Amino acid sequence: MPVYSALTTLPARDPAEALAEALENLEPEPTGVGVFEIEDGSGQYEVGAYFEEAPDEIALALMAMAHGARPFVVSQVPDTDWVAHVKRELQPVEAGRFFVYGSHDAARVPQDCVPLLIEAAMAFGTGHHATTKGCLLALDRLEREGFVGRNVADIGCGTAVLAMAAAAIWPDPVIASDIDPVAVEVASANVAANGLADRVRCVEAAGFGHSELKSRVPYDLVFANILKGPLIELAPEMAAAVRIGGRAILSGILNTQADAVAEAYKMTGFSVVGRDELSDWTTLVLEKVE
(Lines give C-alpha, C1' and ligand atoms only; values in the text may rest on other atoms or scores of the structure.)
Protein backbone atom coordinates (compact mmCIF):
# COMPACT_ATOMS: atom_id res chain seq x y z
CA MET A 1 0.00 0.00 0.00
CA PRO A 2 1.50 3.39 -0.98
CA VAL A 3 2.15 6.01 1.70
CA TYR A 4 2.19 9.74 0.95
CA SER A 5 3.91 12.50 2.89
CA ALA A 6 3.12 16.22 2.97
CA LEU A 7 5.78 18.47 4.49
CA THR A 8 6.10 22.19 5.09
CA THR A 9 7.92 24.62 7.40
CA LEU A 10 6.97 27.61 9.57
CA PRO A 11 9.10 30.09 11.55
CA ALA A 12 7.58 29.46 15.01
CA ARG A 13 6.21 26.65 17.17
CA ASP A 14 2.70 28.04 17.86
CA PRO A 15 1.61 28.43 14.21
CA ALA A 16 3.24 25.09 13.40
CA GLU A 17 1.19 23.38 16.09
CA ALA A 18 -1.97 25.17 14.91
CA LEU A 19 -1.38 23.90 11.38
CA ALA A 20 -0.77 20.38 12.66
CA GLU A 21 -4.05 20.50 14.55
CA ALA A 22 -5.87 21.65 11.41
CA LEU A 23 -4.32 18.79 9.42
CA GLU A 24 -5.96 16.29 11.76
CA ASN A 25 -9.34 17.27 10.26
CA LEU A 26 -8.29 17.00 6.63
CA GLU A 27 -10.02 14.57 4.25
CA PRO A 28 -8.64 12.05 3.50
CA GLU A 29 -7.60 11.81 7.14
CA PRO A 30 -3.84 11.56 7.76
CA THR A 31 -2.51 8.49 9.55
CA GLY A 32 -0.04 10.64 11.46
CA VAL A 33 0.87 14.31 11.99
CA GLY A 34 4.00 15.70 13.63
CA VAL A 35 5.76 18.98 14.46
CA PHE A 36 9.55 19.04 14.76
CA GLU A 37 12.06 21.82 15.36
CA ILE A 38 14.67 21.74 12.61
CA GLU A 39 18.02 21.25 14.34
CA ASP A 40 20.06 23.71 12.29
CA GLY A 41 19.74 26.82 14.44
CA SER A 42 17.26 28.44 12.02
CA GLY A 43 14.32 28.41 14.44
CA GLN A 44 12.16 26.80 11.76
CA TYR A 45 9.61 24.08 12.50
CA GLU A 46 8.67 21.28 10.13
CA VAL A 47 5.08 20.08 9.96
CA GLY A 48 4.54 16.68 8.41
CA ALA A 49 1.50 14.53 7.67
CA TYR A 50 1.28 10.98 6.28
CA PHE A 51 -1.57 9.51 4.26
CA GLU A 52 -2.58 6.08 2.97
CA GLU A 53 -4.04 7.71 -0.17
CA ALA A 54 -3.03 10.76 -2.15
CA PRO A 55 -3.94 13.89 -0.15
CA ASP A 56 -5.99 16.79 -1.50
CA GLU A 57 -3.22 19.11 -2.68
CA ILE A 58 -5.58 22.05 -3.22
CA ALA A 59 -6.80 21.78 0.38
CA LEU A 60 -3.20 21.53 1.56
CA ALA A 61 -2.23 24.64 -0.42
CA LEU A 62 -5.11 26.64 1.06
CA MET A 63 -4.28 25.41 4.55
CA ALA A 64 -0.60 26.41 4.16
CA MET A 65 -1.60 29.92 3.00
CA ALA A 66 -4.03 30.32 5.90
CA HIS A 67 -1.33 29.46 8.46
CA GLY A 68 1.54 31.39 6.87
CA ALA A 69 3.44 28.22 5.90
CA ARG A 70 5.46 27.42 2.83
CA PRO A 71 3.59 25.34 0.23
CA PHE A 72 3.40 21.67 1.15
CA VAL A 73 5.73 19.30 -0.66
CA VAL A 74 3.78 16.11 -1.36
CA SER A 75 5.53 12.90 -2.32
CA GLN A 76 5.07 9.16 -2.25
CA VAL A 77 7.20 7.47 0.41
CA PRO A 78 9.30 4.58 -0.93
CA ASP A 79 8.25 1.14 0.29
CA THR A 80 11.26 0.41 2.48
CA ASP A 81 11.83 -2.10 5.27
CA TRP A 82 13.16 0.56 7.65
CA VAL A 83 14.07 -1.82 10.44
CA ALA A 84 16.23 -3.91 8.09
CA HIS A 85 17.71 -0.71 6.67
CA VAL A 86 18.59 0.63 10.13
CA LYS A 87 20.13 -2.68 11.12
CA ARG A 88 22.46 -2.43 8.12
CA GLU A 89 23.38 1.18 8.86
CA LEU A 90 23.37 1.18 12.67
CA GLN A 91 26.80 0.17 13.86
CA PRO A 92 27.72 -0.24 17.56
CA VAL A 93 28.92 2.92 19.27
CA GLU A 94 31.65 3.12 21.90
CA ALA A 95 31.52 6.11 24.24
CA GLY A 96 34.07 5.70 27.00
CA ARG A 97 33.15 2.50 28.84
CA PHE A 98 29.70 2.39 27.25
CA PHE A 99 28.91 0.19 24.25
CA VAL A 100 25.56 0.90 22.57
CA TYR A 101 24.38 -1.85 20.24
CA GLY A 102 21.39 -3.60 18.65
CA SER A 103 20.62 -7.28 19.15
CA HIS A 104 21.90 -7.95 15.62
CA ASP A 105 25.38 -6.99 16.95
CA ALA A 106 25.23 -8.94 20.24
CA ALA A 107 28.23 -11.04 19.21
CA ARG A 108 30.36 -7.89 18.93
CA VAL A 109 29.96 -6.73 22.55
CA PRO A 110 33.46 -6.46 24.14
CA GLN A 111 34.23 -8.06 27.48
CA ASP A 112 35.29 -4.93 29.35
CA CYS A 113 32.44 -2.49 28.73
CA VAL A 114 29.02 -1.40 29.97
CA PRO A 115 26.66 -2.76 27.28
CA LEU A 116 23.46 -0.87 26.47
CA LEU A 117 21.01 -2.64 24.17
CA ILE A 118 18.77 -0.47 21.97
CA GLU A 119 16.81 -2.24 19.24
CA ALA A 120 17.06 -0.93 15.68
CA ALA A 121 13.31 -0.36 15.56
CA MET A 122 13.76 2.11 18.44
CA ALA A 123 16.79 3.87 17.02
CA PHE A 124 16.24 7.48 18.10
CA GLY A 125 18.62 8.31 20.93
CA THR A 126 20.76 5.21 20.59
CA GLY A 127 24.07 6.97 21.09
CA HIS A 128 24.74 7.31 17.39
CA HIS A 129 23.76 10.97 17.41
CA ALA A 130 26.58 13.21 18.61
CA THR A 131 24.38 14.69 21.35
CA THR A 132 23.73 11.35 23.03
CA LYS A 133 27.31 10.20 22.58
CA GLY A 134 28.52 13.47 24.10
CA CYS A 135 26.37 12.88 27.19
CA LEU A 136 27.67 9.33 27.57
CA LEU A 137 31.28 10.53 27.32
CA ALA A 138 30.58 13.24 29.91
CA LEU A 139 29.03 10.68 32.26
CA ASP A 140 32.01 8.37 31.83
CA ARG A 141 34.42 11.21 32.64
CA LEU A 142 32.42 12.33 35.69
CA GLU A 143 32.47 8.84 37.20
CA ARG A 144 36.19 8.41 36.53
CA GLU A 145 36.80 11.71 38.36
CA GLY A 146 35.11 10.23 41.44
CA PHE A 147 31.63 11.72 41.13
CA VAL A 148 28.82 9.44 42.35
CA GLY A 149 25.21 10.05 41.34
CA ARG A 150 22.96 8.65 44.06
CA ASN A 151 19.91 10.52 42.78
CA VAL A 152 19.77 10.89 38.98
CA ALA A 153 17.10 12.09 36.52
CA ASP A 154 17.00 11.93 32.72
CA ILE A 155 14.70 14.70 31.40
CA GLY A 156 13.52 14.22 27.80
CA CYS A 157 14.86 10.68 27.93
CA GLY A 158 13.92 9.37 24.46
CA THR A 159 15.03 5.73 24.54
CA ALA A 160 16.34 6.14 28.14
CA VAL A 161 19.88 5.26 27.09
CA LEU A 162 21.34 7.91 29.44
CA ALA A 163 19.21 6.81 32.39
CA MET A 164 20.26 3.21 31.78
CA ALA A 165 23.93 4.19 31.57
CA ALA A 166 23.73 5.88 34.99
CA ALA A 167 21.83 2.93 36.49
CA ALA A 168 24.44 0.55 35.11
CA ILE A 169 27.37 2.20 36.90
CA TRP A 170 25.76 3.46 40.13
CA PRO A 171 23.68 1.48 42.65
CA ASP A 172 20.67 3.75 43.16
CA PRO A 173 17.49 3.91 41.06
CA VAL A 174 17.20 6.50 38.27
CA ILE A 175 14.06 8.29 37.07
CA ALA A 176 13.54 9.07 33.37
CA SER A 177 10.86 11.26 31.82
CA ASP A 178 9.65 12.35 28.42
CA ILE A 179 6.82 14.55 27.22
CA ASP A 180 5.95 12.01 24.49
CA PRO A 181 3.94 8.99 25.72
CA VAL A 182 5.31 6.86 22.86
CA ALA A 183 8.86 7.69 23.95
CA VAL A 184 7.97 6.62 27.51
CA GLU A 185 6.73 3.27 26.17
CA VAL A 186 9.91 2.83 24.13
CA ALA A 187 12.04 3.79 27.12
CA SER A 188 10.26 1.28 29.36
CA ALA A 189 10.74 -1.47 26.77
CA ASN A 190 14.46 -0.70 26.51
CA VAL A 191 14.83 -0.65 30.29
CA ALA A 192 13.21 -4.09 30.52
CA ALA A 193 15.37 -5.46 27.68
CA ASN A 194 18.48 -4.40 29.60
CA GLY A 195 17.33 -6.02 32.85
CA LEU A 196 16.99 -2.64 34.57
CA ALA A 197 13.23 -2.55 35.20
CA ASP A 198 13.80 -2.39 38.97
CA ARG A 199 16.43 0.37 38.59
CA VAL A 200 14.96 2.83 36.08
CA ARG A 201 11.49 4.34 36.42
CA CYS A 202 10.01 5.96 33.27
CA VAL A 203 7.24 8.58 33.54
CA GLU A 204 5.46 10.96 31.19
CA ALA A 205 6.19 14.58 32.11
CA ALA A 206 7.21 17.97 30.77
CA GLY A 207 10.34 19.11 32.57
CA PHE A 208 10.10 18.21 36.24
CA GLY A 209 6.29 18.32 36.16
CA HIS A 210 5.54 14.94 37.72
CA SER A 211 4.95 14.13 41.37
CA GLU A 212 7.64 11.42 41.39
CA LEU A 213 10.21 13.79 39.91
CA LYS A 214 9.32 16.52 42.41
CA SER A 215 9.45 14.12 45.36
CA ARG A 216 13.09 13.20 44.62
CA VAL A 217 14.49 16.75 44.59
CA PRO A 218 17.35 17.62 45.04
CA TYR A 219 19.25 15.63 42.41
CA ASP A 220 22.94 14.81 42.25
CA LEU A 221 22.85 14.67 38.44
CA VAL A 222 20.30 15.57 35.77
CA PHE A 223 20.60 14.80 32.05
CA ALA A 224 18.70 17.00 29.59
CA ASN A 225 19.42 16.13 25.97
CA ILE A 226 16.72 18.20 24.30
CA LEU A 227 17.03 21.48 22.31
CA LYS A 228 18.26 25.02 22.93
CA GLY A 229 14.84 26.64 23.51
CA PRO A 230 13.48 24.05 25.94
CA LEU A 231 16.84 23.93 27.74
CA ILE A 232 16.82 27.67 28.36
CA GLU A 233 13.18 27.52 29.53
CA LEU A 234 14.14 24.67 31.88
CA ALA A 235 17.02 26.57 33.55
CA PRO A 236 15.08 27.89 36.60
CA GLU A 237 13.50 24.47 37.23
CA MET A 238 16.89 22.81 36.85
CA ALA A 239 18.42 25.22 39.36
CA ALA A 240 15.71 24.38 41.89
CA ALA A 241 16.07 20.64 41.30
CA VAL A 242 19.87 20.14 41.49
CA ARG A 243 21.71 20.20 44.83
CA ILE A 244 24.66 22.47 45.52
CA GLY A 245 27.67 20.60 44.14
CA GLY A 246 25.43 18.56 41.84
CA ARG A 247 25.82 18.37 38.08
CA ALA A 248 23.71 18.83 34.96
CA ILE A 249 24.71 17.35 31.61
CA LEU A 250 23.03 19.24 28.75
CA SER A 251 23.02 18.55 25.03
CA GLY A 252 20.89 18.90 21.92
CA ILE A 253 22.81 22.18 21.50
CA LEU A 254 24.39 23.32 18.24
CA ASN A 255 27.91 24.69 18.72
CA THR A 256 26.67 28.17 17.80
CA GLN A 257 24.00 27.97 20.54
CA ALA A 258 26.21 26.80 23.39
CA ASP A 259 27.14 30.26 24.72
CA ALA A 260 23.47 31.26 25.04
CA VAL A 261 22.58 28.07 26.91
CA ALA A 262 25.61 28.36 29.19
CA GLU A 263 24.75 31.98 30.01
CA ALA A 264 21.15 31.08 30.90
CA TYR A 265 22.39 28.48 33.37
CA LYS A 266 25.08 30.74 34.83
CA MET A 267 22.31 33.19 35.69
CA THR A 268 20.53 30.51 37.74
CA GLY A 269 23.56 29.45 39.81
CA PHE A 270 25.50 27.02 37.61
CA SER A 271 29.14 27.06 36.55
CA VAL A 272 30.36 25.44 33.33
CA VAL A 273 32.89 22.72 34.24
CA GLY A 274 32.95 20.87 30.93
CA ARG A 275 32.30 21.74 27.31
CA ASP A 276 32.82 19.27 24.48
CA GLU A 277 32.09 19.49 20.77
CA LEU A 278 31.31 16.48 18.59
CA SER A 279 30.71 17.44 14.98
CA ASP A 280 28.17 20.32 15.05
CA TRP A 281 26.95 19.62 18.59
CA THR A 282 28.04 20.74 22.06
CA THR A 283 27.62 18.94 25.38
CA LEU A 284 27.80 21.12 28.51
CA VAL A 285 28.61 19.82 32.00
CA LEU A 286 27.46 22.23 34.70
CA GLU A 287 28.00 22.36 38.47
CA LYS A 288 25.43 23.96 40.78
CA VAL A 289 27.49 26.43 42.81
CA GLU A 290 24.85 28.65 44.47
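Heads up: the structure comes first, above all this text.
All values derive from a computational prediction rather than experimental measurement. (Residues numbered from 1 in each chain as written. Predicted model: local features only at pLDDT ≥ 70, side-chain atom pairs only at ≥ 80, totals over all residues. Heavy atoms only, no water.)

### Considerations on the sheet that holds strand E7 (residues 114-117)
Here is step 1: Read across the open sheet, the 3 strands follow the order E5-E6-E7; overall the sheet is mixed. With partners counted over all chains shown, the strands left at the sheet margins are strand E5 (93-95) and E7, one partner each. Each neighbouring strand pair of the sheet contributes to a mean axis angle of 20 degrees, computed without reference to strand direction.
Here is step 2: As paired strands, strand E6 (residues 98-101) and E7 are joined by 4 bridges and run parallel to one another. The residue of E7 that forms the bridge with Phe-99 is Pro-115. (Pairing = 2+ DSSP bridges. Helix = DSSP H or I, 4+ residues; strand = E, 2+ residues; numbered from the N terminus. Axes fitted to C-alpha atoms, helices over the stretch in contact; angles between N-to-C directions.)

### Some thoughts on the sheet that holds strand E9 (residues 174-178)
Here is step 1: Read across the open sheet, the 7 strands follow the order E10-E9-E8-E11-E12-E14-E13; overall the sheet is mixed. In the strand order of this sheet, the two ends are held by strand E10 (200-204) and strand E13 (270-278), each with one partner. The average undirected angle you get between the axes of adjacent strands in this sheet is 15 degrees.
Here is step 2: Two strands pair when backbone bridges link them, and E13 and strand E14 (residues 281-288) are joined in this way by 8 bridges, in the antiparallel orientation. Paired with Arg-275 across the bridge in E14 is Leu-284.

### Points about a nonpolar patch on the surface
Here is step 1: There is a patch of nonpolar side chains on the surface, built from Ile-58, Leu-62 and Met-65 and spanning about 380 Å² of accessible area.
Here is step 2: Within the secondary structure, Ile-58 sits in helix H2 (residues 57-66). (Patch = residues over 30% accessible without salt bridge, like charges linked within 9 Å, V, L, I, M, F, W, Y side chains within 5 Å. Areas by Shrake-Rupley, 256 points an atom, 1.4 Å probe, with all protein chains shown as cover. Salt bridge = Lys/Arg side-chain N within 4 Å of Asp/Glu carboxyl O.)

### Topic: the side chain of Ser-251
Here is step 1: By the secondary structure assignment, Ser-251 is in strand E12 (residues 242-254).
Here is step 2: The class for Ser-251 is buried, based on a relative accessible area of 0%.
Here is step 3: A distance of 3.2 Å separates a polar atom in the side chain of Ser-251 from a polar atom in the side chain of Thr-283.
Here is step 4: When near neighbours in sequence (up to four residues on either side) are disregarded, Ser-251 contacts Thr-131, Cys-135, Ala-224, Asn-225, Ile-226, Leu-227, Leu-231, Thr-282 and Thr-283. (Buried < 20%, exposed > 50% of the residue type's maximum accessible area, 1.4 Å probe, protein only. Polar contact = N/O pair within 3.5 Å; in protein donor to acceptor, adjacent residues only side chain to side chain. Contact = heavy atoms within 4.5 Å.)

### Re the pattern of salt bridges
Here is step 1: For the structure shown, the criterion picks out 9 salt bridges.
Here is step 2: A salt bridge links Arg-13 to Glu-17; its shortest N-O distance comes to 3.6 Å. In this pair, Arg-13 and Glu-17 both sit in helix H1 (residues 13-23), 4 residues apart, roughly one turn of the helix.
Here is step 3: On the basis of relative accessibility, which here comes to 35%, the residue Arg-13 falls in the partly exposed class.
Here is step 4: Three or more residues are tied together by salt bridges with common partners; here these are Arg-97, Asp-140, Glu-143 and Arg-144.

### Section: the environment of Phe-98
Here is step 1: Looking at where Phe-98 falls in the secondary structure, it is placed in strand E6.
Here is step 2: On the basis of relative accessibility, which here comes to 1%, the residue Phe-98 falls in the buried class.
Here is step 3: In this structure Phe-98 touches Val-93, Val-114, Leu-116, Leu-136, Leu-139, Asp-140, Ala-165 and Ile-169, once residues within four positions along its chain are discounted.

### Some remarks on H2
Here is step 1: Residues of H2 that are buried include every one of Leu-60, Met-63 and Ala-64, and no others. The buried residues of H2 occupy one face: seen down the axis, they fall within an arc of 100 degrees. What points out from H2, more than 90 degrees from its buried face, is the exposed set Ile-58, Leu-62, Met-65 and Ala-66.
Here is step 2: If you follow the buried residues of H2, they end up packed against strand E1 (3-10), H1 and strand E4 (73-77).
Here is step 3: Just downstream of H2 lies Gly-68, where phi reads positive at about 70 degrees. (Arc of directions from axis to C-beta.)

### Overview of the packing of aromatic side chains
Here is step 1: In total, this model carries 4 aromatic pairs according to the counting rule given.
Here is step 2: For the ring pair Phe-208 and Tyr-219, a centre distance of 6.2 Å and an interplane angle of 40 degrees mean the geometry is tilted. One end of the pair, Phe-208, is in the loop between E10 and helix H7 (211-215); the other, Tyr-219, is in strand E11 (residues 219-225), and 11 residues separate them in sequence.
Here is step 3: For Phe-208, a relative accessible area of 5% corresponds to the buried category.
Here is step 4: For Tyr-219, a relative accessible area of 0% corresponds to the buried category. (Phe/Tyr/Trp six-rings, centres within 6.5 Å; stacked < 30°, edge-to-face > 60°.)

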